[in-house]
Amino acid sequence: MVPRIYVIHEHSATKLHWDLRLERSGALKSWAIAKEPSRTEKRLAVETTDHALAYAGFEGEIKEGYGKGSVKIWDSGTYEEQEWKPGKIVVKINGRKLNGVYVLIRPKTFEIGNWLFFRKKDD
Ligand SMILES: [Mn+2]
């Protein structure tokens, strides 16, 4: 598998959150995480709009509108896709902070667009 862009933006907007972005099909698939991503804890990750690949390196101020606030890169690197199907994504992340196999799952009992993001236990 060819490594693709992985980045998490720390976004100090109305509410501080972390935007997980994974390159796929020429765009950055994105999820907003309300608490700092973790190697040990599961996090709720809410699907948000795709961003352009060029946004991966963005840091700075969003001056107005949705997302108004400051953005900085919390973590970046690459990832390899292990599984990507509706409701289940498994990726091997090679970042500075996060690394290892991470899972995104969309439990059927959750509201639409709500996923869980967590690190798979080492074998
Ligand atoms: Mn955001």
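Quick caveat, the model's predicted, so the values are computed rather than measured.

### Observations concerning the packing of aromatic side chains
Part 1 of the argument: Summed over the entire model, instances satisfying the criterion amount to four aromatic pairs.
Part 2 of the argument: Each ring, one from Trp 31 and one from Trp 84, has its centre 6.5 Å from the other, and the planes form 55°; the classification is tilted. Separated by 53 residues along the polypeptide, Trp 31 in strand S3 (residues 27–33) and Trp 84 in strand S6 (residues 69–85) bring together distant segments of the chain.
Part 3 of the argument: Clustering of aromatic rings is evident, with ring pairs tying together Trp 31, Trp 84 and Trp 115.
Part 4 of the argument: We note Lys 42 situated over the ring of Phe 118; from NZ or CZ to the ring centre the distance is 4.7 Å.

### With respect to the coordination of the manganese ion
Part 1 of the argument: The protein atoms donating to the manganese ion are His 11 (ND1), His 17 (NE2) and Asp 19 (OD), with metal-donor distances spanning 2.1 to 2.3 Å.
Part 2 of the argument: Judged by its relative accessible area of 5%, Asp 19 falls in the buried class.

### What to know about a nonpolar patch on the surface
Part 1 of the argument: Taken together, the side chains of Leu 44, Val 46 and Phe 110 define a hydrophobic patch exposed on the protein surface, amounting to about 220 Å² of accessible area.
Part 2 of the argument: Note on placement: Phe 110 falls in the loop between strand S8 (99–105) and strand S9 (114–119).
Part 3 of the argument: With a relative accessible area of 32%, Phe 110 lands in the partly exposed category.

Conventions we followed
Residues numbered from 1 in each chain as written. Predicted model: local features only at pLDDT ≥ 70, side-chain atom pairs only at ≥ 80, totals over all residues. Heavy atoms only, no water. Phe/Tyr/Trp six-rings, centres within 6.5 Å; stacked < 30°, edge-to-face > 60°. Helix = DSSP H or I, 4+ residues; strand = E, 2+ residues; numbered from the N terminus. Lys NZ or Arg CZ within 6 Å of the ring centre and 35° of its normal. Donors = N, O, S within 2.8 Å, 3.2 Å for Na, K, Ca; no water. Buried < 20%, exposed > 50% of the residue type's maximum accessible area, 1.4 Å probe, protein only. Patch = residues over 30% accessible without salt bridge, like charges linked within 9 Å, V, L, I, M, F, W, Y side chains within 5 Å. Areas by Shrake-Rupley, 256 points an atom, 1.4 Å probe, with all protein chains shown as cover. Salt bridge = Lys/Arg side-chain N within 4 Å of Asp/Glu carboxyl O.

By themselves, these figures tell us nothing about what the structure is for.
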